[in-house]
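Descriptive analysis of the structure
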Amino acid sequence: MKRRTLLSSALAGTAALAQQAKNPERFNQPTGYRDTPVLPLQRWKVHDIDRPKPPVVTPGAVAGAPPSDAIVLFDGKDFAHWTFRGKRDKPAMQWKLENGYMEVNPGAGDAATKESFGDMQLHIEWSSPIEISGDSQWRANSGVLLMGNYEIQVLDSYNNPTYADGQAGAVYGQYPPLVNAVRKPGEWNVYDIVWEAPRWNGEDLAKPAYVSVILNGIIVQHRKEVIGRMTHRTVATYKVHPAELPLALQDHDVPVRYRNIWARRLAL
Ligand code: MG
């Protein structure tokens, strides 16, 4: 079987070379054009030869592994990229670090990156405790706090009745996930998030934030316009803040685990 495959691919290669010899100009394509019309709302022409080429990025070797231009925020080994947004203003991380993951230290406070981010792509994996305790919003609640202020909910939503805009994958208090795609407690869930930071004109909001979220390979938020900062039982609002802020992970008093966290800066 394998031999036949090799043989047929060799024959196909020979046929392609024969075609090329017969019709050489067809195989000698230009790498761009200068005589084409300008694209609407862009400064570039169609197939513009002078348009800057996208930089080369080498994807991770396996699905979910950081690509070559990622900032690896947590690879399971140390807290080098992290500080602590503690309730008592303690800068050193007080979360557990073991077996390649970090775990919320209930009641200690939120974790935050040392680095600040604006527009970003974020990959982060999380799991809720196997031992189920509490219900509704008390079952494995945590959260990915984009810019420390805007929450993509982390929750054990597996067979856990709770309000729709508080489920895993929700923009908390604003938009439910399109589907409930969460895995069983103890299994690893994967978020891939695209974040467009809000823009400010002085103290005024010039452009709201937008967010897209893929949970376990399934789109759950598609470029939703974020209403404002995380809030509970009230309508979210914006409050002016710097163009870049640290990413934070919420301590909601439950030992939720995180691993394989990487980010890419975007210029959107
Ligand atoms: Mg939460």
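Summary of the structure given here.

Each value, and the rule that gives it
- Residues numbered from 1 in each chain as written.
- Predicted model: local features only at pLDDT ≥ 70, side-chain atom pairs only at ≥ 80, totals over all residues.
- Heavy atoms only, no water.
- Donors = N, O, S within 2.8 Å, 3.2 Å for Na, K, Ca; no water.
- Buried < 20%, exposed > 50% of the residue type's maximum accessible area, 1.4 Å probe, protein only.
- Helix = DSSP H or I, 4+ residues; strand = E, 2+ residues; numbered from the N terminus.
- Polar contact = N/O pair within 3.5 Å; in protein donor to acceptor, adjacent residues only side chain to side chain.
- Contact = heavy atoms within 4.5 Å.
- Pairing = 2+ DSSP bridges.
- Core = buried A, V, L, I, M, F, W, Y, C linked by side-chain atoms within 4.5 Å.
- Salt bridge = Lys/Arg side-chain N within 4 Å of Asp/Glu carboxyl O.

Attention now moves to the coordination of the magnesium ion. Distances from the magnesium ion to its protein donors, Asn141 (OD1), Ser142 (O), Glu151 (OE), Gln153 (OE1) and Gln250 (OE1), fall at 2.1 to 2.3 Å. Along the chain, the residues donating to the magnesium ion are arranged with the sequence spacing N-S-x8-E-x1-Q-x96-Q. Given a relative accessible area of 0%, Ser142 falls into the buried group.

What follows concerns the side chain of Asn189. The residue Asn189 is located in strand S9 (residues 189-196) in this model. What makes Asn189 buried here is its relative accessible area of 0%. A polar contact is formed between the side chain of Asn189 and the side chain of Asn216, at a distance of 2.9 Å. In contact with Asn189, not counting residues within four places along its chain, are Ile124, Glu125, Trp126, Ala181, Val182, Arg183, Leu215 and Asn216.

Next up on the list: the pairing of strand S12 (residues 210-215). For S12, the tally of buried residues reaches five of six residues, placing the bulk of the element in the interior. Where S9 lies against S12, six bridges are found, and the strand directions are antiparallel. Within S12, the residue paired with Glu196 across the bridge is Tyr210. The pairing of S12 with strand S13 (residues 218-225) spans five bridges and is antiparallel. Looking at S13, one finds that Val213 is bridged to Gln221. The hairpin formed by S12 and S13 contains two residues between the paired strands, and Asn216 there has a positive phi angle of roughly 50 degrees.

Moving on, we get to the nonpolar core. In this structure, Trp82, Val144, Leu146, Tyr191 and Tyr258 are the most contacted members of the largest nonpolar core, which totals 49 residues. Among the elements that take part in this core, strand S6 (residues 120-127) stands out by supplying four residues, more than any other. Setting aside chain neighbours within four positions, we find Val144 in contact with Leu122, Ile124, Tyr150, Glu151, Ile152, Val154, Tyr191, Ile193, Leu247, Ala248 and Leu249.

Our focus in this paragraph is unusual backbone geometry. Of note, the phi angle at Met147 is positive, near 55 degrees, even though the residue is not glycine. Of note, Met147 is situated in the loop between strand S7 (142-146) and strand S8 (150-154). Met147 sits in the buried class, given a relative accessible area of 4%. Phi angles above zero are rare outside glycine, and Asn159 is one such case at about 50 degrees. Note on placement: Asn159 falls in the loop between S8 and S9.

Turning next to the pattern of salt bridges. All told, the structure shown has 12 salt bridges when counted by the stated rule. Salt-bridge contacts for Asp69 lead to Arg264; the nearest nitrogen and oxygen are separated by 2.8 Å. Here Arg264 lies in strand S15 (residues 257-265) and Asp69 lies in the loop between helix H1 (2-22) and strand S1 (71-74), a separation of 195 residues in the sequence. Here the salt bridges share partners, and the residues they tie into one network are Lys96, Glu103 and Arg257.

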